[in-house]
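Summary of the model geometry
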Amino acid sequence: MNIKAREICKTFGKRPILDGLTLEVQSGETVVIIGPSGSGKSTFLRCLNGLQSIDSGTIQVGDHKLEASNEKRFSPFSSEIRKVQGMIFQDFNLFPHMSVLGNVTEAPARVLKHNQAEARNLGLELLKKVGLESHANHYPSQLSGGQKQRVAIARALAMKPKVLLCDEVTSSLDPELKHEVLDVLEKLKNEGMTLLMVTHEIGFAKKAADKVVFLAEGKVVEEGPPQQILESPENSRIRTFISKLMS
Amino acid sequence: MILQIPLMLLLALAQPPTPLIWAADEEGGAPYVYRDNKLGQVGFELDIINALAEELKRPIEFKQYAFDSLIPGLLKGDFDFAMNGLEINQERLEKIRFSKPYYIYRQQLVTRADEKRFNTLLGCKNTLGAIVGTMDGTQAERLLNQAKIPIRTYSSSTEAYSDLISAGRIDAVFLDLPMAISYALPNKRLQFAGKPTARGFYAIGFHPKNETLAKEVDAAIDALKTNGKLRSILVKWNLWDECQEELSQGFLFEEEGRPNSITHSILEENQAWTINRYLPLLLEGTLVTIQLTLCSFALALVLGLPLSLARLYGTPWLKSLALLYVEFFRGIPVLLLLFFLYFGLPAIAESSGLNISLALSPFIAATLGLGLNYAAYEAETFRAAIQSVPQGQWEAAASLGMGKTLTFRRIIFPQAMRIALPTTTNDLVALFKDTSIASVVALVELNKQYQILAKSSLKFVELGLITALLYLALSVPLGRLARVLEKKLAPERR
């Protein structure tokens, strides 16, 4: 399922965060967004998922559209766009009062109205996919960061999304735990999932991304295949940024 | 001798004698010593006091003291004497020294003017469900208890009579004739039922060791009787009747002539103050305390949650209404609220001509008062708890396609309750202790039961320890239960 974002503007107070951002993602593509802190990467993902309103521009994900709306009247609960999009957060945001399996089955059971057995089977299947079926009855507090993030991925997958939005999903993990999350994402990519990721994992981007987008001051500065953007960018800012990341 | 008198006079002029301290309870009401419409202190006892001060040539100062604490206070040495319609009885005679009497009282049963069911105490006893109001620690209360008539006690005669008239929570009031004369006689909606009964004496109480002062006052009372001043005071207050003639007949009160034929039948059973005797009463009070705690806390929770939701998610109108509720009920003392609910509501219903009775039973009034008050606290506790669930939880649920209500019910609320639990439990323990306030609306819970028993037996320490143990026996397990619950409800923290 493809994503089309056109001329997205978003300001917080008087500070512009997104300034006419335009981006297209083709179905099945893995797109990595990089850029300095404050460039609007996370805000862009949140806007795409309807967690935040946009001041102007249009967003289209498959057949679902998001229009600009007044921030005061905006409700993050009314968006239809999430039927096709899942989102993974930097801080996992697992439900601490529910077991691992409960976290995964909650939405299918309550929103999609799966019966208990269906939801459970689906949950266990997804936990197996992320390598955590043996932890089904654990609680989030008993898991490591990498395990938590894998549960969060399984939880998002339970709603059968066509697109996964990943907002710095490895940033709060210890280095040795990052690969277990990235491996799962790579597996999903190979199964045909459309991935839009904000990340600093240059290695992963080189290996798995179809396209890398460099964002600065709310605009796309340059986009292209990973080799081009990461190894021989036209823009000097990208060079500086990447050399800082690699050091 | 002749020289001494001018000398004493001179000394008296130079240095006024130290005033005597007289204790009474203004709240007890007319006609003893009370505040009139202009808030001036008046009363037939005040008049007698003034006459005595003149006779003794010493100023007498008033000290406000709760009626049912007069005797403990006297023994503690808080004041020189107590004079407040204090009836002579055997029990008190064993503890304090009484003066010669200054009034012969009788008890008067008063009913509503339209009462057809009974006009005597016996008739009242045989009327199913009839409750008689009286005052704490009075002879009337003892007589009613002795006769096994269901009673409700008040700390002032005004409360008792007004509960009879406007609220109708009780069916009659049995109190000393002077009170009946001041309140019931002028009130067209009340009537005297039958003749006054159960004669006894009002006298001034002294510390038993203060024999010197007692003798002086005895002499002064004699003088007031002889010179007719006492009579004119009683006449002025409409209290003079044929009974009072006996006051001046010396034979009643000769040296050993204590009035032992008046009230003895009650006394034998009061001698044995053993644990077996008062523990059941304290346990009864404990039960009331528990019931009151549970009911009012349930009300506080049931009201508190919607209030917190209104404050967080309501329309601007609802938000300010909820805030108003919280500020109002958090800002007024529970005591005031209870008084209003119990005594104020019936008066409002009456004066507004509504044909409905707003006379709440003591238990309901106390439950409402405490519940409404604590709802304000619970609302704030819940609000803070809901707000302290991280924003990420809302977003995670939203990104899974969960709606606002579903997210609140399944994700936010369960976490908020866990956060609120310690504070809520704290409030429960606080409420448990606050139930003692309910005694002002004539509810005999544990603390009130303790006061009643301690004041009549003077075993403040022993009974106090038992009562404290009873409170602790409940509040400590309550705290433990909360900790267990906290662990149980938080499986993720195991």
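Residues numbered from 1 in each chain as written. Chains lettered and ligands numbered in written order. Predicted model: local features only at pLDDT ≥ 70, side-chain atom pairs only at ≥ 80, totals over all residues.

Residues and elements named next belong to chain A. Considered domain by domain, chain A is made up of domain 1 (3–84 + 162–246) and domain 2 (96–160). For domain 1 versus domain 2, the distance between C-alpha centres works out to 25 Å. Residue-level contacts link 9 residues of domain 1 with 8 residues of domain 2. Sorting elements by how many residues they give to the side of domain 1 that touches domain 2 places helix α5 (residues 175–190) first, with 4 residues. Of the residues that constitute the side of domain 1 that touches domain 2, the class distribution is 6 nonpolar, 1 polar and 2 charged. (Domains from an automatic or database assignment. Contact = placed C-beta atoms within 7 Å. Helix = DSSP H or I, 4+ residues; strand = E, 2+ residues; numbered from the N terminus. Nonpolar A, V, L, I, M, F, W, Y, C, P; charged D, E, K, R; others polar.)

The relative placement of two packed helices comes down to the angle between their axes together with the axis-to-axis distance. Residue and element names in this part refer to chain B. Interaxial distance between helix α2 (residues 44–56) and helix α10 (residues 229–236) falls to 10 Å at its minimum, and their mutual angle equals 160°. Taken together, the axis directions place α2 and α10 in an arrangement best described as roughly antiparallel. Along this stretch, α2 crosses α10, giving a crossing that reads as right-handed. On α10, the residues touching F44, D47, I48 and A51 of α2 are K229, L230, I233 and L234. Looking at the contact of α2 with α10 residue by residue, the class counts come to 6 nonpolar, no polar and 2 charged. (Axes fitted to C-alpha atoms, helices over the stretch in contact; angles between N-to-C directions. Parallel < 35°, antiparallel > 145°, perpendicular 65-115°, else oblique. Left-handed = near helix turned anticlockwise from the far one by under 90°.)

Another aspect to go through is the interface of chain A and chain B. At the interface, 23 residues of chain A touch 20 residues of chain B. Elements represented by at least two residues in the side of chain A that touches chain B include exactly β6 (85–88) and α2 (100–110) of chain A. Here the side of chain A that touches chain B takes 3 residues from α2 of chain A, the largest share from any one element. Looking at side-chain class alone, the side of chain A that touches chain B contains 12 nonpolar, 5 polar and 6 charged residues.

Let us look at the environment of A473 of chain B. Counting through the fold element by element, A473 of chain B comes out in helix α19 (residues 460–489). For the pair formed by A473 of chain B and I170 of chain B, sequence separation is 303 residues and the distance between their alpha carbons is 34 Å.

All names here are of chain B. In the contact formed by helix α14 (residues 334–351) and helix α15 (residues 362–387), the axes pass within 9 Å of each other and the chain directions differ by 140°. Relative to α15, the element α14 is oriented oblique. Between α14 and α15 lies a crossing of right-handed hand. Within the contact between the two elements, α14 uses V334, L337, L338, L341 and Y342 and α15 uses P362, A365, A366, L368, G369, L370, L372 and N373.

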